[in-house]
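Listed below are the residues making up each chain.
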Amino acid sequence: MDFYTLSYVESLAVGGQPWGFIIFVVVLLALLVLGIQVLRNGLTSRYRDLMVILSLIVVFFLGLEYQEYNRMKTYSEDSSRMAQFLHSFSTERSVPSEQLAVNSLKIRNGMILKVSDTYYEVQFNPEFSTYTITRVYKVSPTDRIHDKADVLP
């Protein structure tokens, strides 16, 4: 079973891949240069077709960036809620946060919380504002713990 530490959850909230943004900026600059050429030579020039193609590419990249923005926003909200839960559990139970790990990256009913070598199932109310824990026992003895060092730079 895979478990994720608090530092792993917090480290995933930041970061993103800048390649899409860099390509988008390059396409925008090419569109600007072509726009200047079209204005200088008129709409009957050979640059008009390239302008249309680059405009469609810009619209495509805008759609991809918007989709990535929404995905990262949702993921950031989920990981911050999980980090808040782990911090509150750590302070309420006087358990060092380094000893905590969960089997999910987002808060959900039935997730397993590992405290040292003890396992608990966590159940939340419908608003996810309160929780109850029940001790559970594992069938398989092996755990794979993901920590901050496992996150790619």
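Residue numbering note: each chain is counted from 1, following its sequence as written. Predicted model: local features are reported for residues with pLDDT of at least 70 only, side-chain atom pairs are reported and counted for 80 or more only, and whole-chain, interface and lining totals are derived from all residues. Note: side-chain values were computed over all heavy atoms of the structure, leaving out hydrogens and water.

1. A word on the sheet that holds strand β4 (residues 118-124)
Moving on, step 1. Taken together, the six strands give an open sheet; going across it, the order is β5-β4-β3-β2-β1-β6, and neighbouring strands pair in mixed fashion. What marks the edges here is a single partner per strand, and that holds for β5 (131-136) and β6 (144-146). Pairwise comparison of adjacent strand axes, ignoring direction, gives a mean angle of 35° for this sheet.
Moving on, step 2. Bridge analysis of β4 against β5 gives six bridges, and the strand direction is antiparallel. In the sheet register, Glu121 faces β5, and the bridge partner there is Thr134. Criterion used throughout: strands pair if DSSP finds at least two bridges between them. Helix numbers and strand numbers start at the N terminus; a helix is a DSSP run of H or I with at least 4 residues, a strand a run of E with at least 2. To define axes, lines are fitted to C-alpha atoms, for helices over the stretch in contact only, and angles between the resulting N-to-C directions are given on a 0 to 180 degree scale.

2. Some points on the pattern of salt bridges
Moving on, step 1. In what follows, salt bridge is the name for a side-chain nitrogen of Lys or Arg lying within 4 Å of a carboxyl oxygen of Asp or Glu. On inspection of all chains with the given rule, the structure shows three salt bridges.
Moving on, step 2. In this structure, the salt-bridge partner of Glu68 is Arg71, at a minimum N-O distance of 2.7 Å. Here Glu68 pairs with Arg71, and both are found in helix α3 (residues 47-93), just three residues apart, close to one helical turn.
Moving on, step 3. According to the relative accessible area criterion, Glu68 is partly exposed, its value standing at 32%. Three labels apply to residues, based on accessible area from a 1.4 Å probe with only protein chains included: buried if under 20% of the type maximum, exposed if over 50%, partly exposed otherwise in between.

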